[in-house]
Amino acid sequence: MILRAKYLIPNSEHIIENGAIEIRGSEIVDIGTYSTLRRNNATTVCDFGEAVILPGLVNAHTHLELTNHHDLIERTERFTDWILQLVQYRRDDQAWVDRAVDDGISMSLAGGTTAVGDIHGFKRVAQTLKNSPLRKVVFFETMGFSTERAQLGIERIDSNLASASPPSPLFTPAVSPHAPNSTSAMLYRHCLAIVQSRGLHFSTHLSETPEEIEFLATGTGAFADLLNTLQISMEGWTPPGVSPVQYMRDLGVLKARPLLAHCNYLTDRDIQILAESGSSVVFCPRSHHYFNHTDHPIERLLEAGVNVAVGTDSLVSNWSLSMLDELKFLAQTQPGILPETLIDLGTINGAKGLRLNRVGKLKKGWQADMIAVRIANDGSPLIEQILDESSQNLLTVVAGKICYDLIFREEDARAEL
Ligand SMILES: [Zn+2]
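Residues numbered from 1 in each chain as written. Predicted model: local features only at pLDDT ≥ 70, side-chain atom pairs only at ≥ 80, totals over all residues. Heavy atoms only, no water.

**Student:** Describe the packing of helix H2 (residues 79-89) against helix H8 (residues 222-229), listing the residues and the values that go with them.
**Tutor:** Where H2 contacts H8, the two axes come as close as 9 Å, and the packing angle between them is 25°. Judged on the interaxial angle alone, H8 and H2 are roughly parallel. In this structure, H2 meets H8 at a crossing whose hand is right-handed. Seen from H2, the contacting residues are Phe79, Thr80, Ile83 and Leu84; seen from H8, they are Ala222, Phe223, Leu226 and Thr229. The class makeup of the residues in the contact of H2 with H8 is 6 nonpolar, 2 polar and no charged. (Axes fitted to C-alpha atoms, helices over the stretch in contact; angles between N-to-C directions. Helix = DSSP H or I, 4+ residues; strand = E, 2+ residues; numbered from the N terminus. Parallel < 35°, antiparallel > 145°, perpendicular 65-115°, else oblique. Left-handed = near helix turned anticlockwise from the far one by under 90°. Contact = heavy atoms within 4.5 Å. Nonpolar A, V, L, I, M, F, W, Y, C, P; charged D, E, K, R; others polar.)

This is how it looks when you write it as structure tokens:
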């Protein structure tokens, strides 16, 4: 199959006019101008016209299982009150989780996502997620702050990973202790031992709120109150007295080069530690906005050479799961970052953050994960047109398979009229 469009962007640095890409199986076998590819081939051609074909977008941090909690959880003044609602209203039955994951996958594909880093806290991996056409690294989430709960957290992660076997080309199991305010040092060390012995990837929420920083510094504040409300014992716990990043370093977690969600509040020393460790950070711009955080240190992280990816977070703190919308929001709110860099953040940086091989650029021999975006073609710089409010995702291809096709849907809708 050959896909062609007026423009093709194999990566943020190159533009091919009248570009085309040939796919065989799950891989890209050729890429160039349409006239060159056409000369060598006699195969099906799909022409997307006034559009840009580019690498599929990578949503490096989401919670698909929470998709249908969107209307159950209200926005609150305090972050810990929002967490409390999540604890209270969380639906935990298989049919509900399956439906939420299914809906989340459809929304992701429609919004240009070809790969996700999905945090999965439910008991078993939803089969619907495992078998879906989306490329996914599924981070099984565990938590437990008191000794007793941490022990349950250990049992949970061990059984979740056992249920997740075997991995497949589109499904990679991984591990995610939730956050330092909900997960004990013992449980972090257990997760670390698992990822080191099995070669799995590791993610955690980190430095998300000032309350988390206060909790680790002094053991007081909103998170101490939350544990108290939930009747979770803090007995035997001594606050480490350092920043969340320094706490992770001291526990040995940064040796695993983890994928760290949020990192909204960082000192210069934290950024230096992250850069030296080779960890990746996922910035979730619209979720960040939802919680009214102060400016994210993304520009300082990029300057320091940290790999920064982008995520939507869950639909509980966002108004869509579209990665194209997420990048458009980022373009509007971070004018200091070059549009080309924004494309990198949503493609190759996400792939690096999730440790996906041969994903994130369009190259011969790489995975055929791509999208086609309809643009206004108004003469403004091409990447700015992709990030313009008016652009629209037309097509999502994962591992050579068409998973979302708006033109087909539009034609279908017209046929029904
Ligand atoms: Zn999250």
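**Student:** Which residues make up the coordination of the zinc ion, and what are the values?
**Tutor:** Within the protein, the atoms that donate to the zinc ion are His61 (NE2), His63 (NE2) and His205 (NE2), at distances of 2.1 to 2.2 Å. Taken in chain order, the donor set of the zinc ion reads H-x1-H-x141-H. The class of His61 is buried, set by a relative accessible area of 1%. The class of His63 is buried, set by a relative accessible area of 8%. (Donors = N, O, S within 2.8 Å, 3.2 Å for Na, K, Ca; no water. Buried < 20%, exposed > 50% of the residue type's maximum accessible area, 1.4 Å probe, protein only.)

**Student:** Quick rundown of the environment of His120? Include the residues and the values.
**Tutor:** Mapped onto the elements of the fold, His120 is located in strand S7 (residues 113-120). Using a relative accessible area of 0% as the deciding quantity, one classes His120 as buried. Once the C-alpha coordinates of His120 and Val138 are considered, the two residues, 18 residues apart in sequence, prove to be 6.4 Å apart.

**Student:** So, helix H9 (residues 244-251): which residues are in play, and what are the values?
**Tutor:** Along an α-helix, residues three or four apart share an orientation, since each turn contains 3.6 residues. Counting buried positions over the 8 residues of H9 gives 6, a clear majority of the element. Considered for burial, the residues of H9 that qualify are Pro244, Val245, Gln246, Tyr247, Met248 and Leu251. Where H9 is buried, its residues meet helix H6 (185-198), strand S10 (203-206), helix H7 (210-218) and helix H10 (268-277).

**Student:** Kindly report on the sheet that holds strand S13 (residues 307-310), identifying the contributing residues and their values.
**Tutor:** Hydrogen bonds along the backbone pair up the strands of a sheet, which may run parallel or antiparallel. The 4 strands lie next to each other as S10-S11-S12-S13, forming an open sheet whose pairing is parallel. Each having just a single partner strand, S10 and S13 make up the two edges of the open sheet. Direction aside, neighbouring strands of the sheet carry axes that sit 30° apart on average. The sheet contact formed by strand S12 (residues 280-283) and S13 spans 4 bridges and is parallel. Counterpart to Val281 in the pairing with S13 is Val308. (Pairing = 2+ DSSP bridges.)

**Student:** Can you lay out the domain arrangement of the protein chain for me, pointing to particular residues and giving the numbers?
**Tutor:** Domain parsing of the protein chain yields domain 1 (2-55 + 361-416) and domain 2 (57-353). The centre of domain 1, based on its C-alpha atoms, is set 31 Å off from the matching centre of domain 2. The interface of domain 1 with domain 2 comprises 26 residues on the first partner and 23 residues on the second. Between domain 1 and domain 2, the buried area comes to about 1900 Å², and carbon and sulfur atoms account for 70% of it. (Domains from an automatic or database assignment. Buried area = accessible area lost by both parts, 1.4 Å probe.)

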